[in-house]
2 protein chains.
Amino acid sequence: MAERTEEQHTEKMKKLQAAHDKMVATKTIEKGLLIVHTGKGKGKTTAALGMVVRAIGHGKKVGVVQFVKGAMATGEKAVFDAFPNQIEFKPMGEGFTWDTQDRARDIAVAREAWDEVKRMILDPSYDMVLADELNIVLRYDYLPVDEVVEVLKAKPEMTHVIVTGRNAPDAVVEIADLVTEMTLVKHPFREQGVKAQAGVEF
Amino acid sequence: MAERTEEQHTEKMKKLQAAHDKMVATKTIEKGLLIVHTGKGKGKTTAALGMVVRAIGHGKKVGVVQFVKGAMATGEKAVFDAFPNQIEFKPMGEGFTWDTQDRARDIAVAREAWDEVKRMILDPSYDMVLADELNIVLRYDYLPVDEVVEVLKAKPEMTHVIVTGRNAPDAVVEIADLVTEMTLVKHPFREQGVKAQAGVEF
């Protein structure tokens, strides 16, 4: 950026502030959001985890269902354990047989995990529900997307629901309030042979 | 996705697993990463926060310096407070005068915040350092990017450093190990008049 004079800087900052104030003044609605984190980049689950942490910090009740093993793991578990009355964590992904290739069993596991999500979403005592890596399961047709969309549309007005995973189905993006795509720009795994590390990947 | 037979599914899953195993086997390096979250979308700070939480959960020591007020806030603060021996949180952004337009003072505040980051990065007892919204300060030329790059390059080998904020400077992207761009697909603020809410935005 070219050097600016003090006056130009002050002028620019005043304009930014005025634009920001005007924008904020028009935003008055408070409602639960359907939030989708998708794309091939990193940070989909991690950003959802950040929201869970914020919600906990505000005294909210949060439900977390993990559809894929390892996407959420030991690191966050230790922190969740510090707030047992506010967070219900269901790591259902352990049951999947990505390794053993049993499609019928995977569908049953997906169903069981989705039933937990559905229960949490439809129970207004949850302020936030995270369906971590649900998109992956939908991508493999382990659950009917129509049923998922129906439940998401039926969520209580103030409940925030977060759905993560690459390849978010169009039908879910369609009804979402906030969709963020994480795009990979540089990645040490592929480019440098670096392995997954505690605190970063899990 | 078209319906697949059981055999096709099993075949596909086996291939995926083999590819994954092969990929993991080549990744043997463990090292501290320079991680950048940039782009205009949501989730840059939130994903960094998720990593901080994971690191805490693994018993790591983490330093967090916040360059912009409000980017990290009350929600995460309550969670950080539960782990006082592992996290050092410095919310320096309060001092900025985006509202009062005092450039000289903003530069002084940026310097003070950067000095904290520098101290944490160069102290090998920190496993992870988050410079939240540092990119914003660099964008306004409040700090010389050359100096920042020099310190980032001098970080201890095992320390993870996370830099967030839109408009990451090329010089920082250049030396980063992992760069993720968060892209806005849909946003309820602009499209629906929804205001910032506890647990989602702060």
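To keep things clear, this report deals only with the structure shown in the data block. Since the structure is predicted, the reported quantities are computational estimates derived from the model, not experimental observations. (Residues numbered from 1 in each chain as written. Chains lettered and ligands numbered in written order. Predicted model: local features only at pLDDT ≥ 70, side-chain atom pairs only at ≥ 80, totals over all residues. Heavy atoms only, no water.)

1. Examining the environment of Gly 59 of chain B
- Tracing the sequence through the fold places Gly 59 of chain B in the loop between α2 (44-57) and β2 (62-66).
- Sequence-wise, Gly 59 of chain B and Asp 127 of chain B are 68 residues apart; in three dimensions their C-alpha atoms are separated by 9.6 Å. (Helix = DSSP H or I, 4+ residues; strand = E, 2+ residues; numbered from the N terminus.)

2. Focus: the environment of Gly 63 of chain A
- On the secondary structure map, Gly 63 of chain A appears in strand β2 (residues 62-66).
- Remark: the alpha-carbon pair of Gly 63 of chain A and Tyr 126 of chain A, spanning 63 residues in sequence, is separated by 6.7 Å.

3. What to know about the relation of the copies chain B and chain A
- Relative to chain A, chain B is turned by 180° and slid 0.0 Å along the rotation axis, the superposed coordinates differing by an RMSD of 0.0 Å. Expressed as an axis order, the relation between the two copies is that of a two-fold axis. Across chain B, the rotation axis passes nearest the C-alpha of Ala 47 of chain B, at a separation of 1.8 Å.
- Counting the interface residues of chain B, we find that 100% of their copies in chain A are interface residues as well, pointing to one common contact surface. (Least-squares fit on C-alpha atoms with pLDDT ≥ 70 in both. Contact = heavy atoms within 4.5 Å.)

4. Notes on the sheet that holds strand β1 (residues 34-38) of chain B
- Taking strand neighbours across the sheet as the criterion, the 12 strands line up as β3(A)-β2(A)-β4(A)-β5(A)-β1(A)-β6(A)-β6(B)-β1(B)-β5(B)-β4(B)-β2(B)-β3(B) in an open arrangement whose pairing is mixed. Across the chains shown, the open sheet's two edge strands, defined by having one partner strand only, are β3 (87-91) of chain A together with β3 (87-91) of chain B. Across the sheet, the mean angle separating the axes of adjacent strands is 15° when strand polarity is ignored.
- The pairing of strand β4 (residues 128-132) of chain B with strand β5 (residues 160-164) of chain B spans four bridges and is classified as parallel. Following the sheet pairing, Met 128 of chain B is matched in β5 of chain B by His 160 of chain B. (Pairing = 2+ DSSP bridges. Axes fitted to C-alpha atoms, helices over the stretch in contact; angles between N-to-C directions.)

5. With respect to the pairing of strand β6 (residues 178-186) of chain B
- Strand direction decides the pairing type here: strand β6 (residues 178-186) of chain A and β6 of chain B, joined by seven bridges, are antiparallel. Within β6 of chain B, the residue paired with Thr 180 of chain A across the bridge is Leu 184 of chain B.
- Of the pairings in the sheet, the one linking β1 of chain B to β6 of chain B comprises four bridges and is parallel in character. Looking at the pairing, Val 36 of chain B lines up with Val 179 of chain B of β6 of chain B.

6. As for the interface of chain B and chain A
- Each side of the interface is counted separately: chain B has 85 residues, and chain A has 85 residues.
- When chain B packs against chain A, close to 7300 Å² is buried across both sides, 58% of that on carbon and sulfur atoms.
- Between chain B and chain A we count two salt bridges in total.
- Of the charged contacts in the structure, one is a salt bridge between Glu 76 of chain A and Arg 54 of chain B, with a shortest N-O distance of 3.1 Å.
- One can count eight residue pairs in polar contact (both at pLDDT 80 or more) joining chain B with chain A.
- When contributions to the side of chain B that touches chain A are tallied by element, the ones reaching two or more residues are α1 (6-26), α2, α3 (74-80), α4 (103-122), α7 (170-175), β6 and α8 (188-192) of chain B.
- No other element matches α2 of chain B, which puts 11 residues into the side of chain B that touches chain A.
- A breakdown of the residues in the side of chain B that touches chain A according to their chemical character gives 40 nonpolar, 23 polar and 22 charged. (Buried area = accessible area lost by both parts, 1.4 Å probe. Salt bridge = Lys/Arg side-chain N within 4 Å of Asp/Glu carboxyl O. Polar contact = N/O pair within 3.5 Å; in protein donor to acceptor, adjacent residues only side chain to side chain. Nonpolar A, V, L, I, M, F, W, Y, C, P; charged D, E, K, R; others polar.)

7. Focus: α2 of chain B
- Taking 1.5 Å of rise per residue, 14 residues should cover 20 Å, and α2 of chain B covers 20 Å from first to last C-alpha, within 8% of that figure.
- Immediately beyond the C-terminal end of α2 of chain B, within one or two residues, lies Gly 59 of chain B, with a positive phi of roughly 80°. (Expected span 1.5 Å × (residues − 1).)

8. Points about the nonpolar core
- Within the largest apolar cluster, 44 residues are counted, with the highest numbers of intra-cluster contacts made by Val 52, Val 62 and Met 128 of chain A together with Val 52, Val 62 and Met 128 of chain B.
- Once you skip the residues sitting within four places of it in the chain, Val 62 of chain B turns out to touch Val 52, Ala 55, Ile 56, Gln 86, Ile 87, Glu 88, Tyr 126 and Met 128 of chain B. (Core = buried A, V, L, I, M, F, W, Y, C linked by side-chain atoms within 4.5 Å. Buried < 20%, exposed > 50% of the residue type's maximum accessible area, 1.4 Å probe, protein only.)

9. Considering the packing of aromatic side chains
- This model, assessed by the stated rule, comprises four aromatic pairs over all chains.
- Seen from the ring of Tyr 126 of chain A, Lys 61 of chain A lies directly overhead, with NZ or CZ sitting 4.1 Å from the centre. (Phe/Tyr/Trp six-rings, centres within 6.5 Å; stacked < 30°, edge-to-face > 60°. Lys NZ or Arg CZ within 6 Å of the ring centre and 35° of its normal.)

Function cannot be read off these values alone, since they describe shape.
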